[in-house]
Amino acid sequence: MDEKQPNLYNLIKNGIFSENPVFKLALSLCPAVAVTTTVKNGFLMGVAVLFVMTMVNITVSIFKDFINPKVRIPAYILIIALYVSMTDMVMAAYARSAYKEMGLYIQLIVVFAIIISRAELFASKNKVIPSAVDGIGMGLGFLFALVLVGAVRELIGKGSLLGYSIFGGDAVLIMVLPTGGFFAIGLLMGLFNWIEDKYFGGMSSPGGGHGH
Amino acid sequence: MNDMLKITVNLTVICALAGVILAFVWAETDPVRVAEEARERELALKELMPSADMITPIKDVVIADKENVVYEATAGGKTIGYVVSSAGKGYSSYIKLLVAVDPDYKVTGLAVLGHAETPGLGDRIQEDWFKGQFAGKGVDNLVVVKQETDTDIQAISGATISSRAVTRGVKDAVIKLREVREGAAPPAPAAAK
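Predicted model only: the values in this text are computed from it and were never measured.

Digging into the overall build of chain B
Inference 1: Of regular secondary structure, chain B possesses three helices and seven strands.
Inference 2: Computed over its C-alpha atoms, the radius of gyration of chain B comes to 21 Å, more than 25% above the 16 Å expected for a compact globule of 193 residues.
Inference 3: Counting every position in chain B, which comprises 193 residues, the buried fraction comes to 43%.
Inference 4: Summing over all exposed atoms, chain B offers an accessible surface of approximately 10500 Å²; the carbon and sulfur share of this is 56%.
Inference 5: The centroid of the 22 positive side-chain charges in chain B is displaced by 4 Å from the centroid of its 26 negative side-chain charges.

Written out as structure tokens, the structure reads:
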């Protein structure tokens, strides 16, 4: 286990920075655009994804020898749907107020490319603990990206942050619409890459192995 | 052939396991959810008719293909208003509503009980400024317009379909209530008014 320690730290760092799901891997952009109209929405979606992704990674990792490789994709989808449905039902019964806020997002998670891609690329080839950490790292990276995109869109599109008005007057409605989501993600993606090039040049991950 | 059998068994076992887990979770959580929803409905009814000392269901009606209920609110034995549960087909879900209506068929309040509209756009139907627009309006003014308005219902920008669905649901509730109170549907609803 000793030699695994730096490895785990790298996994978290990878998920947030060098392989950030939204800014680097450009996965799950559809939900990222759809829900990030405000900081709060982005945050809630990020938390839900973080939880489901970690649980799916753990489960896939535990059962990786049992799942026949030929039917692994339907099996992964099933596992994802299982966790999403369970979360949905448990929250609907025992966490009503949180469910009212998050219920809309939870069911969307079933079809997130980022979750199935981590199950396929990582959890199916690694032990349980690294898989869990990978899920947490990638989940945090997704959360971070959604909050950032949400902040940009809420500030420009609604003139507020976290629901508090920052500047009044006419906000730029297009930023709240899907078009603005692509603007925000594109610009942040560029900024992200520029910062990495300029200050961490050469250290950036080549992105190999993520061709698909 | 052997391989085919293997993957079939494999996937069947996974599906069966998932099914058993889901059935168990559902059996545990569903009664709690149903009870919670009923309690929330009670609360919403009271909130819509704060001065009522009794709110009783008087008739089942069908609105937007869904089963709904007309409630009568009384205070000291006198009818002070009605609450109609209603629904409207929105962008991505049926929006469940409770509509409070006074005996003159003017809307006095609106509660959104449940929906699955787009977060950030359609889900703004729950915001007070939108719901507040309905108060005091009769059937003739329950119309969605896209610009600012004093007489009608202003649509939420980017969520016209959800706005229309709610307005439609409210309007249907008022029309149904009139039918329930005055018998058969009036052929030309109050054009002269």
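Observations concerning the packing of helix 3 (residues 39–62) of chain A against helix 4 (residues 72–94) of chain A
Residues and elements named next belong to chain A.
Inference 1: The geometry of helix 3 relative to helix 4 is characterised by a closest axis approach of 10 Å and an angle of 135 degrees between their N-to-C directions. Looking at the two axes, helix 3 sits oblique to helix 4. Remark: the crossing between helix 3 and helix 4 carries right-handed chirality. Contacts between helix 3 and helix 4 involve Phe51, Val52, Met55, Val56, Thr59 and Val60 from the former and Tyr76, Ile79, Ile80, Tyr83, Val84 and Thr87 from the latter.
Inference 2: Each residue belonging to the contact of helix 3 with helix 4 can be placed in one class, and the counts come to ten nonpolar, two polar and no charged.

Re the pattern of salt bridges
Side chains that differ in sign of charge can pair as their charged atoms come close.
Inference 1: Within the structure shown, the criterion is met by 13 salt bridges over all chains.
Inference 2: Close ionic contact of Asp3(B) with Lys70(A) constitutes a salt bridge, the shortest N to O distance being 2.1 Å. Placement of the pair is Asp3(B) in helix 1 (residues 2–48) and Lys70(A) in the loop between helix 3 and helix 4, with the two residues belonging to separate chains.
Inference 3: A relative accessible area of 33% means that Asp3(B) is categorised as partly exposed.

Considering the environment of Ala184(A)
Residues and elements named next belong to chain A.
Inference 1: If you trace the backbone, alanine 184 turns up in helix 8 (residues 178–199).
Inference 2: With relative accessibility at 1%, the residue alanine 184 sits in the buried group.
Inference 3: A C-alpha to C-alpha distance of 10 Å links alanine 184 and threonine 37, two positions 147 residues apart in sequence.
Inference 4: Leaving out residues up to four positions away in the same chain, alanine 184 has contacts with Val149, Val152, Arg153 and Met175.

Some details on the confidence of the model for chain A
All names here are of chain A.
Inference 1: For chain A, mean pLDDT is 82; residues scoring 70 or higher make up 90% of the total.
Inference 2: The least confident element of chain A, judged by mean pLDDT, is helix 1 (residues 4–18) at 74; the most confident is helix 4 at 90.
Inference 3: This stretch, residues 1–5, has a pLDDT under 50; its non-local contacts, to residues over four places away or in other chains, come to two contacts.

Remarks on the packing of helix 7 (residues 128–158) of chain A against helix 8 of chain A
All names here are of chain A.
Inference 1: Between helix 7 and helix 8, the shortest axis-to-axis distance is 10 Å and the interhelical angle comes to 120 degrees. By the criterion of interaxial angle, the relationship of helix 7 to helix 8 is oblique. As for the relative orientation of helix 7 and helix 8, their crossing is right-handed in sense. Contacts between helix 7 and helix 8 involve Phe144, Leu148, Val149, Val152 and Arg153 from the former and Pro178, Gly180, Gly181, Ala184, Ile185, Leu188 and Phe192 from the latter.
Inference 2: Class assignment of the residues belonging to the contact of helix 7 with helix 8 gives a composition of nine nonpolar, two polar and one charged.

Remarks on the pairing of strand 1 (residues 54–63) of chain B
Inference 1: Bridging between strand 1 of chain B and strand 2 (residues 66–75) of chain B involves nine bridges; their strand directions are antiparallel. Each residue of the ladder has a partner; that of Asp60(B), found in strand 2 of chain B, is Val69(B).

With respect to the interface of chain B and chain A
Inference 1: Between chain B and chain A, the residue contacts involve 29 residues of the former and 28 residues of the latter.
Inference 2: Across the chain B/chain A interface, buried area totals approximately 2500 Å², and carbon plus sulfur atoms make up 73% of it.
Inference 3: Along the contact surface separating chain B from chain A lie three salt bridges.
Inference 4: For the side of chain B that touches chain A, the class distribution of residues is 14 nonpolar, six polar and nine charged.

Definitions and cut-offs
- Residues numbered from 1 in each chain as written.
- Chains lettered and ligands numbered in written order.
- Predicted model: local features only at pLDDT ≥ 70, side-chain atom pairs only at ≥ 80, totals over all residues.
- Heavy atoms only, no water.
- Helix = DSSP H or I, 4+ residues; strand = E, 2+ residues; numbered from the N terminus.
- Rg over C-alpha atoms; globule rule 2.2 N^0.38 Å.
- Buried < 20%, exposed > 50% of the residue type's maximum accessible area, 1.4 Å probe, protein only.
- Areas by Shrake-Rupley, 256 points an atom, 1.4 Å probe, with all protein chains shown as cover.
- Lys, Arg positive; Asp, Glu negative; His and termini not counted.
- Charge placed at Lys NZ, Arg CZ, Asp CG, Glu CD.
- Axes fitted to C-alpha atoms, helices over the stretch in contact; angles between N-to-C directions.
- Parallel < 35°, antiparallel > 145°, perpendicular 65-115°, else oblique.
- Left-handed = near helix turned anticlockwise from the far one by under 90°.
- Contact = heavy atoms within 4.5 Å.
- Nonpolar A, V, L, I, M, F, W, Y, C, P; charged D, E, K, R; others polar.
- Salt bridge = Lys/Arg side-chain N within 4 Å of Asp/Glu carboxyl O.
- pLDDT = per-residue confidence, 0-100.
- Pairing = 2+ DSSP bridges.
- Buried area = accessible area lost by both parts, 1.4 Å probe.

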